[in-house]
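If you want the building blocks of each chain, they are given just below.
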Amino acid sequence: MLAASIGLAALMNGRLVMHLGMYRLTLRALRSLAVLCVIYLGYSLLRGGRPELWTFMAWLLLAFFFVGVLFGNINALAMETLGRVAGIGAALVASGSLAVSVVLGALIGASFDGTVTPFVAGYALLSLISLPLLHWAAGGRPVPHRPVCPRRHGRQSGASRRRAAGRWPRQAVRFLS
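All values reported here derive from a predicted model rather than from experimental measurement.

K.L.:
Kindly report on the environment of Asn-13, identifying the contributing residues and their values.
P.N.:
With respect to the element layout, Asn-13 can be found in helix H1 (residues 2-20). Residue classification places Asn-13 among the buried residues on the basis of a relative accessible area of 15%. Separated by 55 residues in the primary sequence, Asn-13 and Gly-68 place their C-alpha atoms 8.6 Å from one another. The contacts of Asn-13, once residues within four sequence positions are left out, are Leu-25, Val-69 and Asn-73.

In structure tokens form, the structure reads like this:
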């Protein structure tokens, strides 16, 4: 069930990126995750670190959805400027994120006290720390005010779609020959 929320996020990510842009979508997902985690941390503390199972599962579903949106977009943003060395860059990004996540996960796991509080607090703290890191990594560039792919007035006709779909193979054949 939790994996389904990550899968749904991955399916929705393509359309959302086209309408919002990768940086803006990542920023919104990270802000939403941080707010969600801080609110649930407060609720968890009010319940003595032992909230009801259904509220914990609902929080996990939403948190995993936002994490699913963040997965691909943060990796793509990290490799955006690498160009020719994207393969080496992908390996370095994966190795670095693995090393950092192992250390932080071990710290959160070591603080387990029989309640969900350390887990939720870890999510809240790390998502809050990630917000300024995302801004720093973007080099302070402003968020574009318009969507990447603005909606057109009306829909594309079936004939237009077929013509556009038929163009690609001919162009690819010309390019490859």
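K.L.:
Can you tell me about the packing of helix H3 (residues 53-78) against helix H5 (residues 117-137), naming the residues and giving the values?
P.N.:
One way to put it is that H3 packs onto H5 with a least axis distance of 13 Å and a crossing angle of 30°. With respect to H5, the axis of H3 lies roughly parallel. Considering how the two elements wind past one another, H3 and H5 form a crossing that is left-handed. Taken together, the residues of H5 that come into contact with H3 (itself represented by Phe-56, Trp-59, Leu-60, Ala-63, Phe-64, Val-67 and Leu-77) are Phe-119, Val-120, Tyr-123 and Leu-134. A class-by-class count of the residues in the contact of H3 with H5 yields eleven nonpolar, no polar and no charged.

K.L.:
Please give an account of the pattern of salt bridges that cites residues and values.
P.N.:
Applying the stated criterion to the full structure yields one salt bridge. Here Glu-52 and Arg-47 are joined by a salt bridge, their closest N and O atoms 2.6 Å apart. Overall, the relative accessible area of 42% leaves Arg-47 in the partly exposed class.

K.L.:
Give me the nonpolar core: which residues, what numbers.
P.N.:
In this structure, Leu-33, Phe-56, Trp-59 and Val-120 are the most contacted members of the largest nonpolar core, which totals 28 residues. Sorting the residues of this core by element identifies H1, helix H2 (22-46), H3 and H5 as the ones contributing at least two each. In this view, Val-120 contacts Cys-37, Tyr-40, Leu-41, Phe-56 and Trp-59; residues no more than four positions away in its chain are not counted.

K.L.:
Describe H1, listing the residues and the values that go with them.
P.N.:
Helix length check: H1 (19 residues) gives 25 Å between terminal C-alpha atoms against 27 Å at 1.5 Å per residue, within 8%. Within H1, burial applies to Ser-5, Ala-9, Asn-13, Val-17 and Leu-20. Considering only its buried residues, H1 is in contact with H2 and H3. Immediately downstream of H1, the backbone of Gly-21 shows phi near 95°, a positive value.

K.L.:
Just give me the short version of the packing of aromatic side chains, but keep the residues and values in it.
P.N.:
Centre distance and the angle of the planes are the two values used to describe a pair of aromatic rings. Following the criterion strictly, the structure yields eight aromatic pairs and no others. With centroids separated by 5.3 Å and ring planes inclined at 10°, the aromatic side chains of Tyr-40 and Trp-59 adopt a geometry described as stacked. Of this pair, Tyr-40 sits in helix H2 while Trp-59 sits in helix H3, and the two are 19 residues apart along the sequence. You can call Tyr-40 buried: its relative accessible area is 7%. Note on Trp-59: relative accessible area 2%, which makes it buried.

Conventions and cut-offs
- Within every chain, residues take consecutive numbers counted from 1 along the sequence as written.
- Per-residue local features are limited, in this predicted model, to residues with pLDDT of at least 70; the limit for side-chain atom pairs, both in listing and counting, is 80 or more; totals at the level of whole chains, interfaces and linings are taken over all residues.
- Side-chain measures here rest on the full set of heavy atoms in the structure, leaving out hydrogens and waters.
- Put simply, DSSP H or I for four residues or longer makes a helix, DSSP E for two residues or longer makes a strand, and each gets a number counted from the N terminus.
- Only protein chains enter the accessibility calculation, which uses a 1.4 Å probe; a residue is then buried when its area is under 20% of its type maximum, exposed when over 50%, and partly exposed in between.
- In this analysis, two residues are considered to be in contact whenever any of their non-hydrogen atoms come within 4.5 Å of each other.
- Axis geometry follows a simple rule: fit a line to the C-alpha atoms, using only the stretch in contact for helices, then measure angles between N-to-C directions, giving values from 0 to 180 degrees.
- Working rule for angles: under 35 degrees goes down as roughly parallel, over 145 as roughly antiparallel, 65 to 115 as roughly perpendicular, anything else as oblique.
- Crossing chirality is assigned from the near helix's rotation relative to the far helix, an anticlockwise turn below a right angle marking it left-handed and a clockwise turn marking it right-handed.
- Throughout, the ten residues Ala, Val, Leu, Ile, Met, Phe, Trp, Tyr, Cys and Pro are labelled nonpolar, Asp, Glu, Lys and Arg are labelled charged, and all others, Gly among them, are labelled polar.
- Salt bridge, as used here, is a side-chain nitrogen of Lys or Arg placed within 4 Å of a carboxyl oxygen of Asp or Glu.
- Nonpolar core, defined: a set of buried Ala, Val, Leu, Ile, Met, Phe, Trp, Tyr and Cys residues in which side-chain atoms within 4.5 Å join the residues together.
- In this analysis, the expected span of each helix is defined as 1.5 Å times one less than the number of residues it contains.
- The pairing test for Phe, Tyr and Trp rings, Trp by its six-membered ring, is centres within 6.5 Å, and the orientation test on the planes gives stacked under 30 degrees, edge-to-face over 60, and tilted for anything in between.

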